[in-house]
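Overview (structure and organization)
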Amino acid sequence: MTAPVPVEGRCDRCKQPRPVFARKPDHDCIDALGRVDLIEAARLIAEIEDQGDRWCTRRIEGRPPIRLCIRCHDIDAAEEAAHVKEHQL
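We now turn to the structure provided with this report. Every chain's residues receive numbers from 1 upward, in the order its sequence appears when written. Local features in this predicted model are restricted to residues of pLDDT 70 or higher, and side-chain atom pairs are both shown and tallied only at a pLDDT of 80 or more, whereas totals for entire chains, interfaces and linings draw on every residue. The side-chain values count all of the structure's non-hydrogen atoms but skip hydrogen atoms and water molecules.

1. So, the environment of Glu-79
Strands are runs of DSSP state E lasting at least 2 residues, helices are runs of H or I lasting at least 4, and numbering of each runs from the N terminus. When you line up the elements, Glu-79 lands in helix α4 (residues 70–87). The exposure class assigned to Glu-79 is partly exposed, which follows from its relative accessible area of 29%. Between the C-alpha atom of Glu-79 and that of Arg-58, which follows or precedes it by 21 residues, the distance is 15 Å. Sequence-distant contacts of Glu-79, that is, excluding residues within four places in its chain, are made with Arg-13, Arg-54 and Trp-55. Categorising residues by exposure relies on relative accessible area from a 1.4 Å probe, with only protein chains included: less than 20% of the type maximum marks a residue as buried, more than 50% marks it as exposed, and the intermediate range marks it as partly exposed. Two residues qualify as a contact provided that any one of their heavy atoms is within 4.5 Å of a heavy atom in the partner residue.

2. Re the pattern of salt bridges
A pair is scored as a salt bridge if a Lys or Arg side-chain nitrogen falls within 4 Å of a carboxyl oxygen belonging to Asp or Glu. A complete count under the given rule lists eleven salt bridges for this structure. Where Asp-76 meets Arg-13, a salt bridge forms, and the shortest distance between an N and an O atom there is 3.8 Å. A residue pair is termed long-range when its members are at least 10 positions apart, and Asp-76 in helix α4 and Arg-13 in the loop between β1 (7–10) and β2 (17–23) qualify at 63 residues. The class for Arg-13 is partly exposed, based on a relative accessible area of 35%. Notably, a salt bridge pairs Arg-13 with Glu-79, separated by 2.8 Å at the nearest N-O pair.

Right under this line is the structure:
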């Protein structure tokens with residue numbers, strides 16, 4: 001398997017012009033929950049937003065993956081891991 005080729009662009013986090021990669025979150029609250037009814041889905045979406053889960057909120061809002069440089073990618077991955085450990089969804 002080959003590593004993805006970076007694209008030259010502006011990092012969404014530090015705003016510096018660098019090679020950037022699309023950052024896909026390591027966790028996925030939405031798929032982990034599975035199929036639920038509409039009322040339960042609304043409650044779970046509100047809970048995800050209240051907890052500050054910006055990774056799943058980005059997916060709920062239909063925004064494209066964030067593009068990060070290597071330095072910011074590692075920082076974002078560490079923040080995501082800390083968030084998941086704190087909230088254990």
